[in-house]
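Descriptive structure summary
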Amino acid sequence: MDEPARLRVHLDEAALRDNIQTVRRLLTPAATVMGVVKAHAYGHGLVLAARLLTRHGVQHLAVATTDEACTLRDAGLQVPITLLSPPAPAAMAELVARDLRPALSTLAAARDLHRIGVRRGRPVPVHLEIDTGLGRFGWAPTAASIAQITRLAALDHLVVCGIYTHLSSQDPDLCAHQLRLFTWVYAKAAAALGYRPPRHVLASSGLAAGLHRRTRLEMVRPGALLYGLPPSYSPPASPTAPTLDLRPVLSLTSRIEHLARLPSGTPIGYGATYRTAASTVVAVVPAGFADGVPRQLTGSGRVLICGHYAPVIGCVGMTHLTVDVTHIPQATVGETVILIGAHGERAIDAQEWARLATTINSDVLTRIAPAIARTVTTLPHAERKPA
Ligand SMILES: *Cc1c(COP(=O)(O)O)cnc(C)c1O
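Residues numbered from 1 in each chain as written. Predicted model: local features only at pLDDT ≥ 70, side-chain atom pairs only at ≥ 80, totals over all residues. Heavy atoms only, no water.

Describing the side chain of Thr132
Within the secondary structure, Thr132 is located in the loop between β6 (124-129) and α7 (143-153). In this structure Thr132 comes out as buried when scored by relative accessible area, which is 5%. A polar contact of 2.8 Å, which involves the side chain of Thr132, links it to the side chain of Thr165. (Helix = DSSP H or I, 4+ residues; strand = E, 2+ residues; numbered from the N terminus. Buried < 20%, exposed > 50% of the residue type's maximum accessible area, 1.4 Å probe, protein only. Polar contact = N/O pair within 3.5 Å; in protein donor to acceptor, adjacent residues only side chain to side chain.)

Below you can see the structure in the form of structure tokens.
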């Protein structure tokens, strides 16, 4: 296969390192960063992103599925890995064998893991999730939950290495309410356990709101910020929120596959929704909605070619889109097309795609097809010191 790649996802190691430092500056020095790499690291590439994060001082990783965690272990990553969803009974033996840390929210799961721990003769590390308002997983903040956690605490082949909850919004009143409920459950759980496991509550939006300086918990769980993505579930920035200088890590590029000058009045693309208004040079780019380019870029999206914006004309197809390059005489077949990324001062970011597709930045990035090769611009060795 010597055909050049139709599309390429590229990661900028320096940007990732700077984002980690930006997050670090929001924290107290002792806080541990658990970097969230679920969903192919928000489209960035699971193993590649995990390697870069750990190279720059992220000491823990978190995933959503056992498969993701096993992929990381297979790739040789040895840091603690937390599974942020309930472990499937069929996956438990493997979780323990590969030293992964599942989040529990039922006594039944705790007993299953405990049995495996007894069989292996060593305690199984777990996190406990408390549901303080997201309505998904986790023990509800009730006396019945405390009774269950007390029974869990008596299982001597489990060790609780974290207790956490997940905030549902950045609304100050809701956050304060969730934090109060968490504090109440945590105090009871720690009393039952006889030790105080690390607590973790804040993901990107809580960190961006500056909440860590108030909560000062032992761990934080950012995803979006590490990738340079502004958090999505944010009300207008509060005056006390820190300003964050985030750098997008991911770019998505392609190449011009075909060029043609078409006369005025030529219909372009499916449905003939677009007709050239004058003689137009049309570039065909091998990137479509099957690759993760939102179909909603039809009629409103743009790409960057030779440092100039070129508007998407006609419908975004399954494997191709078309852009108007009449004003870019340097554009030739094979020329680089930036779909997401920057050229000098000009940039197209995931937020732009999200706005056009009426969704959030992580939604558009996680739709970038996993089959597309991920590469990285690495830093010189001297700049690879952990943050
Ligand atoms: C996805 C996720 C995170 C990370 O969220 P960001 O907003 O990307 O920082 C943290 N905690 C849990 C439980 C999650 O599911």
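After presenting the structure, the write-up continues.
Digging into the site of the ligand
Near the ligand, the surroundings consist of Val36, Lys38, Tyr42, Leu84, Arg136, His166, Ala203, Ser204, Arg221, Pro222, Gly223 and Ala224. In the model, an oxygen atom of the ligand is placed 2.5 Å from a nitrogen or oxygen of the Ser204 side chain. A total of 390 Å² of accessible area belongs to the ligand in isolation, and the protein chains cover 86% of it. Of the residues belonging to the shell around the ligand, the class tally is six nonpolar, three polar and three charged. (Near = heavy atom within 4 Å. Areas by Shrake-Rupley, 256 points an atom, 1.4 Å probe, with all protein chains shown as cover. Nonpolar A, V, L, I, M, F, W, Y, C, P; charged D, E, K, R; others polar.)

A word on helix α4 (residues 66-74)
Turning to α4, its buried residues number three or more, namely Thr66, Glu68, Ala69, Cys70, Leu72 and Arg73. The secondary structure elements touched by the buried residues of α4 are α2 (38-42), α3 (46-55), β3 (60-63), β4 (81-83) and α5 (92-97). Phi turns positive, to about 95°, at Gly76, one or two residues after α4. (Contact = heavy atoms within 4.5 Å.)

Looking at the nonpolar core
Soluble, globular proteins show a tendency: their nonpolar side chains are buried together. Counting 115 residues, the largest nonpolar core has Leu61, Leu72, Leu104, Ile305 and Val323 as its most contacted members. Per element, the largest residue contribution to this core is eight residues, and it comes from helix α8 (residues 172-193). Formed jointly, this core draws a minimum of three residues from each of two domains, domain 1 (12-227) and domain 2 (250-348). (Core = buried A, V, L, I, M, F, W, Y, C linked by side-chain atoms within 4.5 Å. Domains from an automatic or database assignment.)

Side note on the domain arrangement of the protein
How big an interface is tends to be stated in terms of accessible area lost as the parts join. Domain annotation for the protein reports domain 1 (12-227) and domain 2 (250-348). Of note, the centres of domain 1 and domain 2, computed from C-alpha atoms alone, are 42 Å apart.

Focus on the pairing of strand β2 (residues 32-36)
When you tally the buried positions in β2, you get five out of five residues, the bulk of the element. Residues Thr32, Met34 and Val36 of β2 are buried on one face, and the alternating residues Val33 and Gly35, pointing to the opposite face, are buried as well. Here two bridges tie β2 to strand β9 (residues 219-220), and the two strands are oriented parallel to one another. What sits directly across from Thr32, in β9, is Met219. (Pairing = 2+ DSSP bridges.)

Things to note about the packing of aromatic side chains
Given two aromatic rings, their pairing is described by the distance between the two centres and the angle made by the two planes. The full count for this structure, using the stated rule, is two aromatic pairs. Pairing Tyr42 with Tyr227 gives two aromatic rings, centres 4.9 Å apart and planes at 35°, and the pair type is tilted. Of this pair, Tyr42 sits in helix α2 while Tyr227 is found in the loop between β9 and β10 (250-255), placing the two residues 185 residues apart along the sequence. The same class applies to Tyr42 and to Tyr227, which are both buried. The ring centre of Tyr309 lies 3.8 Å from the NZ or CZ of Arg302, which sits over that ring. (Phe/Tyr/Trp six-rings, centres within 6.5 Å; stacked < 30°, edge-to-face > 60°. Lys NZ or Arg CZ within 6 Å of the ring centre and 35° of its normal.)

Some thoughts on the pattern of salt bridges
Using the criterion set out here, one finds 10 salt bridges in the structure. Across the pair Arg17 and Asp18 runs a salt bridge, and its minimum N-O distance is 3.1 Å. A salt bridge links Asp18 to Arg247, with the nearest nitrogen and oxygen atoms 2.5 Å apart. Highlighted residues: Asp18 in helix α1 (residues 13-24) and Arg247 in the loop between β9 and β10, separated in sequence by 229 residues. For Arg247, a relative accessible area of 31% gives the class partly exposed. Put simply, Asp12, Arg17, Asp18 and Arg247 are held in one network by salt bridges that share partners. (Salt bridge = Lys/Arg side-chain N within 4 Å of Asp/Glu carboxyl O.)

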